[in-house]
Amino acid sequence: MGNNGNIIELKHITKVYEDGFAAVSDFNLEVKRGEFVTFLGPSGCGKTTTLRMIAGFDLPTEGDILLNGKDISQLPPNMRPINTVFQRYALFPHMNIFENIAFGLKQKKMPKDEIRRKVRKVLELVDLEGFEHRSVSTLSGGQQQRVAIARALVNEPEILLLDEPLGALDLKMRKEMQLELKAMHDELGITFIYVTHDQEEALTMSDKIVVMSEGKIQQIGTPEDIYNEPANAFVADFIGESNIFNGIMTGPMKARFAGGEFVCVDDVPEGTQITAVVRPEDIVLTGPERGQIRGRVISVIFKGIHYEITVESGRYEVVIQSTKSAKVGDQVGMEVEPDGIHIMIAEDHTNVFNVDMNRNHRLEFNGTELNTSLTQLIRGSHRNENHELLDENGEVIDPEKVRVTAAIEPQDIRMTDDTDDENVLIEGTISNLIYKGDHYSYVINTELGQDFIVDDEYLWNMGDLVGLIIPIDKMRFTLKK
Amino acid sequence: MKFSRKTLGIPYAVFLVLFVAAPLLVLFYYAFTNGQGQFTVQNLTDFFTDPNTLGTLFYSLLIAAATTALCLLLAYPAAYILATSRLKAKSVIIMIFVMPMWINFSLRITALKEILTVIEGNLAFYPFLNSVIGMTYDFLPFMILPIYNTIVRLDGSLIEAAKDLGANDRQAFFRVTLPLSVPGIVSGVSMVFLPAMTNYVVLDMLYNNTYIMGSLIGSYFSAYNWHGGSMIALVLLGIICLFTLLTGGMETEDARTGGALL
């Protein structure tokens, strides 16, 4: 085979549904033979869609899936040497356990005694010896899950796909099955591709984690990488608890954020806008006279192995995990070691969107005329007595040929729940929010398909329908050629 | 005033006594008595010795079986296509199948009669065929709906699982979809087969001179032979009970999948 040990490669996989929704865009991944890879992300991030494309239930709109170097992206599921463990098990209710597990082998026309031998062996593997003649409905959720795993494994697939297989089990059972699955993986040496939204599950089991959001890969790495060196604010927020602050580099390996000055280990040029991630367990509570930042304890929650302490420091709220308790109202100092700070170069959050020129020769966005001077924007232009816009040669400008973009900063946009407000330029729903220490950063999906990033100090809910008030005097217009 | 479970149940109890228990008792009484009010099993022996009644029973079974088979043959593909397609106008198409049920029964059959007359020339030429066509037309929705409901509720991941395990579309259908739609088929069959044995109004309206069990009972009662008529009704009741018992094994399965019926 000689393709650097990769059993499966996904190249520029994109899935766009008929309604234009892009579930997965430009997904690239290489999986080594025998690896345990986990797709991790919130619901709707495209992880299950990607798995379904590997299984063959969905076909990618673009891109190739190479299995041992051969393109299988258009093959039906029954032609792929890949088996799936489904989210709700999908055991056949009209068959007993033996018939369920033997389904794939019978399909291959295997001799009967060989089928019987293989089924017995795989039942042993999942600890269900003697369950052959039980019916599906007499089994507990955990047992059904084992049967589902056995039914897939008995076909000796090259890759086993698991779609949130432990989602329906209770916590204790889930923990047990996590370890068992991991042991099974190590024993069989089959490549596992696992889908979950549970970050702890992903960190426990995987060799490699693919963090996804809104159809795109956010980060690929080992569990340690993902946890310690998150690639962006989304990954930091999604994996584990984090304090996320906006800040700036003030010197070599020196950063200012959360109202304090910190020494860090990341070498980022001075003056760079940054996002700093500090894990709650990396913050040490000290006396009020010490530490880089100070504040007042506003809540203490006992969590079993540690206390979760929230401290108000200026405009910021800092979450700390500590084995030592604190009293609400205490003045405390907080200290963070350099290697407890993860610095990321801040993504540019400026919203850029296209505006049109309408027949009246005015700029327009989403049906609203923007009261701004076009004669200043288009050099040498002027208006005639009919208010038409003429270019420097005195020709009437064709609105179709003018392309203008507008830029607005997240903090300049205001949200309102009164979408009928006349100042509302466009409405949309909140699809994502991240707490940034002293404000929330929201992603608003609008009906135009354009996403807006809005900063707001108040907490709104995911899925809220909001109107965006975008002040025209804060917009920066650029003429595009 | 407070309503207890018991007080709320009174209207239903009254209904059951008046319209179910009492008529059944009357039926039993007439079936096992003669004109003088004496107990007799004569009516029963008459039924099984009279070639006329036995012939009618056989003919009715034949019509019912043919009707059911034809309904199933038409309904299953229709229900399957409707349930598995991603048509946006799905509910409209289902409504089109069901809509004849909302049109007056006699109007429907009269229309059918006119059409058949145009095609066949004289309705009397094909009494058996016309009976089956009329009944199929009348009962088709009762076959489509339960089958549609069973298939539409099938967990799509089961079919995906079958394909995942190496089955192609055809194999997945015969090994998973079809066996799992049996409850809907049983529901549909029992809703078509039994009425088809007795619904003689369809035949009457199609100027059909053939007799089925319903017409036989009707003729006994119009000749004031209440005892013989009751016995025939009772025998039919027995057949229905037997049929229900035979398909009873499916009933629990049906209830588990949420009831295939409507």
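The rules behind each value
- Residues numbered from 1 in each chain as written.
- Chains lettered and ligands numbered in written order.
- Predicted model: local features only at pLDDT ≥ 70, side-chain atom pairs only at ≥ 80, totals over all residues.
- Heavy atoms only, no water.
- Helix = DSSP H or I, 4+ residues; strand = E, 2+ residues; numbered from the N terminus.
- Buried < 20%, exposed > 50% of the residue type's maximum accessible area, 1.4 Å probe, protein only.
- Contact = heavy atoms within 4.5 Å.
- Areas by Shrake-Rupley, 256 points an atom, 1.4 Å probe, with all protein chains shown as cover.
- Lys, Arg positive; Asp, Glu negative; His and termini not counted.
- Charge placed at Lys NZ, Arg CZ, Asp CG, Glu CD.
- Patch = residues over 30% accessible without salt bridge, like charges linked within 9 Å, V, L, I, M, F, W, Y side chains within 5 Å.
- Salt bridge = Lys/Arg side-chain N within 4 Å of Asp/Glu carboxyl O.
- Core = buried A, V, L, I, M, F, W, Y, C linked by side-chain atoms within 4.5 Å.
- Buried area = accessible area lost by both parts, 1.4 Å probe.
- Domains from an automatic or database assignment.
- Phe/Tyr/Trp six-rings, centres within 6.5 Å; stacked < 30°, edge-to-face > 60°.
- Lys NZ or Arg CZ within 6 Å of the ring centre and 35° of its normal.
- Pairing = 2+ DSSP bridges.
- Axes fitted to C-alpha atoms, helices over the stretch in contact; angles between N-to-C directions.

Right, let's get into the overall build of chain A. Counting its secondary structure elements, chain A contains nine helices and 32 strands. Its C-alpha atoms put chain A at 95 × 65 × 45 Å along the principal axes. For chain A, with 481 residues in total, the buried portion stands at 50%. Expressed as a percentage of contacts within chain A between residues at least 6 apart in sequence, the contacts between residues at least 24 apart total 64%. Accessible area of chain A: about 23200 Å², with a carbon and sulfur share of 47%. Counting 49 positive and 78 negative side-chain charges, chain A places the averaged centre of each group 7 Å from the other.

What follows concerns the overall build of chain B. Secondary structure assignment for chain B yields 12 helices and zero strands. In chain B, the succession of α and β elements from N to C terminus is α-α-α-α-α-α-α-α-α-α-α-α. With respect to the principal axes defined by its C-alpha atoms, chain B has extents near 70 × 65 × 40 Å. In chain B, buried positions account for 40% of the 262 residues. For chain B, long-range pairs separated by at least 24 residues make up 72% of all intrachain contacts whose partners lie at least 6 apart in sequence. With an accessible surface of roughly 14500 Å², chain B has 72% of that area assigned to carbon and sulfur atoms. Taken together, the 13 basic and 13 acidic charged side chains of chain B have centroids lying 14 Å from each other.

All names here are of chain A. A contiguous patch of positive charge, built from Lys106, Lys112, Arg116 and Arg120, is present on the exposed surface. Of all the elements, helix H3 (residues 112-125) adds the most residues to the positive patch, at three residues. As for its position among the elements, Lys106 is in helix H2 (residues 97-107).

One finds Met135, Met143, Ile147, Phe193, Met197, Met213 and Ile232 of chain B to be the most contacted residues of the largest nonpolar core, which totals 51 residues. No other element matches helix H3 (residues 51-84) of chain B, which puts 11 residues into this core. Among residues more than four places away in sequence, those in contact with Met213 of chain B are Phe47, Thr53, Thr56, Leu57, Ser60, Met197, Ile232 and Leu236 of chain B. Grouped together as the second largest cluster of nonpolar side chains are 41 residues, Ile13, Ala55, Ile65 and Ile72 of chain A included.

Take the pattern of salt bridges next. Residues and elements named next belong to chain A. In total, this model carries 18 salt bridges over all chains according to the counting rule given. With a closest N to O distance of 2.9 Å, Glu180 and Arg146 form a salt bridge. Of this pair, Glu180 sits in helix H5 (residues 171-188) while Arg146 is found in helix H4 (residues 141-153), placing the two residues 34 residues apart along the sequence.

Turning to the interface of chain B and chain A, a few remarks are in order. Accessible area lost during the coming together of the parts is what is often quoted as the interface size. Across the contact, 18 residues belong to chain B and 22 residues belong to chain A. Buried area between chain B and chain A, both sides added, is near 1800 Å², and the carbon and sulfur share of it is 58%. By the criterion of area lost to chain A, the three top residues of chain B are Asp164, Leu165 and Arg175 of chain B, representing 42% of everything that side buries. For the pair chain B and chain A, the interface holds one salt bridge. Where Glu160 of chain B meets Arg52 of chain A, a salt bridge forms, and the shortest distance between an N and an O atom there is 2.7 Å. Elements that contribute at least two residues to the side of chain B that touches chain A include exactly helix H7 (156-164) and helix H8 (169-180) of chain B.

This paragraph deals with the domain arrangement of chain A. The assigned domain composition of chain A is domain 1 (6-228), domain 2 (241-345) and domain 3 (351-480). For domain 1 of chain A versus domain 3 of chain A, the separation of C-alpha centres amounts to 44 Å.

A few words now on the packing of aromatic side chains. With the rule as written, the count across this model stands at 28 aromatic pairs over all chains. On the basis of an interplanar angle of 50° and a centroid distance of 5.1 Å, the ring pair of Phe302 of chain A and Tyr307 of chain A is categorised as tilted. For the cation-ring pair, Arg151 of chain A lies above Phe92 of chain A, with the distance from its terminal atom to the ring centre recorded as 4.8 Å. The aromatic ring of Phe103 of chain A is capped on one face by Arg175 of chain B, whose charged end is 3.8 Å from the ring centroid.

Attention now moves to the pairing of strand S10 (residues 216-221) of chain A. Residue and element names in this part refer to chain A. Note: strand S9 (residues 208-213) against S10, five bridges, orientation antiparallel. Counted as the bridge partner of Met212 is Ile217 from S10. Counted along the chain from S9 to the antiparallel partner S10, the turn is two residues long, and its residue Glu214 has a positive phi close to 50°.

Another point: a nonpolar patch on the surface. Residues and elements named next belong to chain B. A surface patch of nonpolar side chains, about 910 Å² in accessible area, is lined by Ile10, Val14, Phe15, Leu16, Leu18, Phe19, Val20, Leu24, Phe28 and Leu237. It is helix H1 (residues 5-31) that contributes the most residues to the nonpolar patch, nine residues altogether. With respect to the helices and strands, the residue Leu16 is situated in helix H1.

Another aspect to go through is the sheet that holds strand S1 (residues 6-16) of chain A. All names here are of chain A. Across the sheet, which stays open at both edges, the four strands sit in the order S2-S1-S4-S5 with antiparallel pairing between neighbours. Of all the strands in the sheet, the pair left with one neighbour each is strand S2 (22-32) and strand S5 (70-71). Bridge count for strand S4 (residues 62-67) against S5 is two bridges, and the pairing is antiparallel. Bridge pairing in S5 links Leu66 to Asp71. On top of the sheet, helix H1 (residues 47-55) reaches S1, S2 and S4; it is set at about 120° to S1, its chief contact.

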